[in-house]
Amino acid sequence: MPEHLENEGVKPVFGADLASSAELIEWLGDRICEIEDFSGQLPSIAILVNESASMAPIAAGLSERLESRNIRAVACPDGQVMGQENDVRVFEVEHIKGLEFEAVFFVDVDKLEQREPDLFDKYIYVGATRAATYLGVTCSDPTVPASLSHVQHLFGERW
């Protein structure tokens, strides 16, 4: 982050009812633009997905959505850090440990909870602690998963 910006107190954001790919891409794109507008530059950003099949479509959709801002999204299979320094990177959540970004978006946590109930808390912890300043969480369903309902009041809708 630029030295002139204060990063204390930046609330995480929550996007609910993003069941279609188009809705998810639009929400992610809007939040990424908010970050760039707020900070005056594009910081390091990671998008965490639940499965490898989601990486390329999300990267392609975001690249198209953010093309007017010259922002590119790239899929990073097996946790490989690929692309240019200012690219938005898309990772599977299981390959994110040890990396840190200014902004992290955790996509479809409701589906992750259904798919990996025994590892859900671990993935949430590892994913959330990758974000230095901005954390965004999305769900396909209209509400946050029951296991996260106790922190839902901490989330905003936008930055």
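This text goes with the structure placed above it.
Criteria and thresholds
- Starting from 1, residues in each chain are numbered consecutively following that chain's sequence as written.
- Selection of residues for local features in this predicted model requires a pLDDT of at least 70, selection of side-chain atom pairs for listing and counting requires 80 or more, and totals for whole chains, interfaces and linings are taken over all residues.
- Hydrogens and waters are ignored; side-chain quantities use all the structure's heavy atoms.
- Helix and strand definitions follow DSSP, with helices as H or I runs of at least four residues and strands as E runs of at least two, each counted in order from the N terminus.
- Only the C-alpha atoms count toward the radius of gyration. The rule for a globule is 2.2 Å times the residue count to the power 0.38.
- The rule is simple: take the accessible area with a 1.4 Å probe, protein chains only, and divide by the maximum for that residue type; under 20% is buried, over 50% is exposed, in between is partly exposed.
- Whether two residues touch is decided by their heavy atoms; if any such pair falls within 4.5 Å, the residues are in contact.
- Values of accessible area rely on a 1.4 Å probe in the Shrake-Rupley scheme; residue burial ignores everything except the protein chains shown.
- Counting rule for charge: Lys and Arg are taken as positive, Asp and Glu as negative, and neither His nor the chain ends is counted.
- Taken as the charge centre is NZ of Lys, CZ of Arg, CG of Asp or CD of Glu, depending on the residue.
- Axis lines are fitted through C-alpha atoms, for helices just across the contact stretch, and the angle between N-to-C directions can take any value from 0 to 180 degrees.
- Roughly parallel covers angles under 35 degrees, roughly antiparallel covers those over 145, roughly perpendicular covers 65 to 115, and oblique covers all other angles.
- The hand of a helix crossing depends on one turn: near helix anticlockwise from the far one by less than a right angle means left-handed, and clockwise means right-handed.
- Charged means Asp, Glu, Lys or Arg here, nonpolar means Ala, Val, Leu, Ile, Met, Phe, Trp, Tyr, Cys or Pro, and polar covers whatever is left, Gly included.

**Q** Any chance you could break down the overall build of the protein chain for me, citing the residues and the numbers?
**A** From N to C terminus, the protein chain includes four helices and six strands. Ordered by position in the sequence, the α and β elements of the protein chain form the string β-α-β-α-β-β-β-α-α-β. Against the globule reference of 15 Å for 159 residues, the protein chain gives a C-alpha radius of gyration of 14 Å, in line with a compact fold. Once the C-alpha set of the protein chain is aligned to its principal axes, its extents read approximately 40 × 35 × 30 Å. Across the 159 residues that make up the protein chain, the buried fraction comes to 48%. Sequence separation of at least 24 residues holds for 72% of the intrachain contacts in the protein chain that already meet a minimum separation of 6. Carbon and sulfur atoms form 47% of the exposed surface of the protein chain, whose accessible area is close to 8200 Å². Each charge class in the protein chain was averaged separately, 12 positive and 28 negative side chains, and the resulting centres sit 2 Å apart.

**Q** Lay out the packing of helix α1 (residues 21–39) against helix α2 (residues 55–65) with the relevant residues and their values.
**A** Contact geometry for α1 and α2: axes closest at 9 Å, N-to-C directions at 55°. The angle between α1 and α2 places the two elements in the oblique class. You can see that α1 and α2 cross each other, and the crossing is right-handed. For the pair α1 and α2, the contacting residues are Leu-24, Ile-25, Glu-26, Leu-28, Gly-29, Asp-30, Ile-32 and Cys-33 in the first and Ile-58, Gly-61, Leu-62 and Arg-65 in the second. Taken together, the residues that form the contact of α1 with α2 break down as seven nonpolar, two polar and three charged.

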